[in-house]
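If you want the building blocks of each chain, they are given just below.
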Amino acid sequence: MLKGIDVSHWIYNKSIYWDAMSESDFVIMKATEGKSYMDSTLPDMASDTKAMLRGYYHYARPENNIPEMEAKFFVDVVKKVDAIGDCMLILDYEGKALEIADSGKWARQWCDHVYNLTGVKPLIYLSKYGLSKVGKEFEGLDYGLWIADWTTSSPANIAPWKFWALWQYSVKDIDRDYFNGNEEQFKAYCRVNG
């Protein structure tokens, strides 16, 4: 099992970020939100982490946009800071996103579109509540799960997924995560057709 952090402009360049980076095997960075917002610290974060296992996430705004538009924007931004095939691609699906009609369908369409654009199967970040809202839409598909669960010693009841790839286990001081595997397995989630 690997340990890591997930970060955005809220934490970047604070001492806690650098301390946590020195103890981490991987880092997941916020890239985009909606159809036009790019995290202002993304270029610097991407540069800081080139030698590490890494991934990028997109914060969904389905209440405002169609999934294909947001997926294309995300992929275009990531391509500017990293090589597709060298990093995880992730949909952060929470908040208002879970309240729209056909919420699960929107999330799946975003993942499908990212996969069609890149050949990389993205992961989806969900809370336990999010699982209950959109999980059925992902049944039988092989998109990885990043589960947010800060109240347990190990995530359980994550159907339709059989196992989690990433687990955000703490949000105290900085968001901390585990990857359910080794370095080669992490890289497999990054590879085109991996």
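Calculation notes
Residues numbered from 1 in each chain as written. Predicted model: local features only at pLDDT ≥ 70, side-chain atom pairs only at ≥ 80, totals over all residues. Heavy atoms only, no water. Buried < 20%, exposed > 50% of the residue type's maximum accessible area, 1.4 Å probe, protein only. Helix = DSSP H or I, 4+ residues; strand = E, 2+ residues; numbered from the N terminus. Pairing = 2+ DSSP bridges. Phe/Tyr/Trp six-rings, centres within 6.5 Å; stacked < 30°, edge-to-face > 60°. Lys NZ or Arg CZ within 6 Å of the ring centre and 35° of its normal. Expected span 1.5 Å × (residues − 1). Contact = heavy atoms within 4.5 Å. Polar contact = N/O pair within 3.5 Å; in protein donor to acceptor, adjacent residues only side chain to side chain. Core = buried A, V, L, I, M, F, W, Y, C linked by side-chain atoms within 4.5 Å.

**Student:** Now, about the pairing of strand S1 (residues 2-7): what can you tell me, with residues and values included?
**Tutor:** Judged by how many residues are buried, S1 sits mostly within the fold: five of six residues are covered. Summarising the sheet, S1 and strand S9 (residues 175-179) pair through five bridges and their orientation is antiparallel. Its bridge partner lying in S9, Ile 5 is registered against Arg 176.

**Student:** Mind laying out the packing of aromatic side chains, listing which residues take part and the relevant values?
**Tutor:** For any pair of aromatic rings, geometry is given as the distance between the ring centres together with the angle between the planes. Within the structure shown, the criterion is met by 14 aromatic pairs. Considering the side-chain rings of Tyr 57 and Trp 146, the 6.3 Å spacing of their centres and the 70° angle between planes classify their relative orientation as edge-to-face. Highlighted residues: Tyr 57 in strand S4 (residues 53-59) and Trp 146 in strand S7 (residues 144-148), separated in sequence by 89 residues. Relative accessible area serves as the criterion here: at 1%, Trp 146 is assigned to the buried category. The ring of Tyr 115 carries the charged tip of Lys 121 above its face, separated from the ring centre by 4.7 Å. Cation over ring: Lys 121 sits above Tyr 143, and NZ or CZ is 4.6 Å from the ring centre.

**Student:** How would you explain helix H4 (residues 103-118) if you had to name every residue and give the values?
**Tutor:** For H4, built from 16 residues, the straight-helix expectation of 22 Å at 1.5 Å per residue is met to within 8% by its first-to-last C-alpha distance of 23 Å. Along H4, the positions that sit buried rather than exposed are Ser 103, Gly 104, Trp 106, Ala 107, Arg 108, Trp 110, Cys 111, Val 114 and Thr 118. Contacts made by the buried residues of H4 are with S4, helix H3 (67-81), strand S5 (88-92), strand S6 (123-127) and helix H5 (128-134).

**Student:** Please give an account of the side chain of Ser 24 that cites residues and values.
**Tutor:** Here Ser 24 shows up in the loop between helix H1 (15-22) and strand S2 (26-33). Within the structure, Ser 24 has its side chain in polar contact with the backbone oxygen of Ala 20 (distance 2.6 Å). Ignoring anything within four residues of it in the chain, the contact list for Ser 24 reads Lys 3, Gly 4, Ile 5 and Met 52.

**Student:** With reference to specific residues and values, describe the nonpolar core.
**Tutor:** In terms of nonpolar packing, the biggest core is built from 48 residues, with Val 7, Tyr 56, Phe 74, Leu 91 and Tyr 93 touching the most fellow members. Considering each element in turn, this core owes the most residues, seven residues, to H3. The residues touching Phe 74, leaving out its near neighbours within four places in the chain, are Ala 31, Thr 32, Tyr 56, Tyr 57, His 58, Leu 89, Ile 90, Trp 110 and Val 114.

**Student:** Break down the side chain of Asn 65 for me, citing the residues and quoting the values.
**Tutor:** Tracing the backbone through its elements, the reader meets Asn 65 in the loop between S4 and H3. Separated by 2.8 Å, the side chains of Asn 65 and Glu 70 make a polar contact. In this structure, Asn 65 is in contact with Gly 34, Lys 35, Glu 70 and Trp 106, ignoring residues within four places of it in sequence.

**Student:** With reference to specific residues and values, describe the environment of Thr 151.
**Tutor:** Position of Thr 151 relative to the elements: it lies in the loop between S7 and strand S8 (166-170). For the pair Thr 151 and Tyr 169, spaced 18 residues apart in the sequence, the C-alpha separation amounts to 7.7 Å.

**Student:** Any chance you could break down H3 for me, citing the residues and the numbers?
**Tutor:** Between its first and last C-alpha atoms H3 spans 22 Å; for 15 residues at 1.5 Å apiece the expected length is 21 Å, and the two agree. For H3, every residue scored as buried is listed here: Pro 67, Glu 70, Ala 71, Phe 73, Phe 74, Val 75, Val 77, Val 78 and Val 81. Taken together, the buried residues of H3 touch S2, strand S3 (37-38), helix H2 (42-48), S4, S5 and H4.

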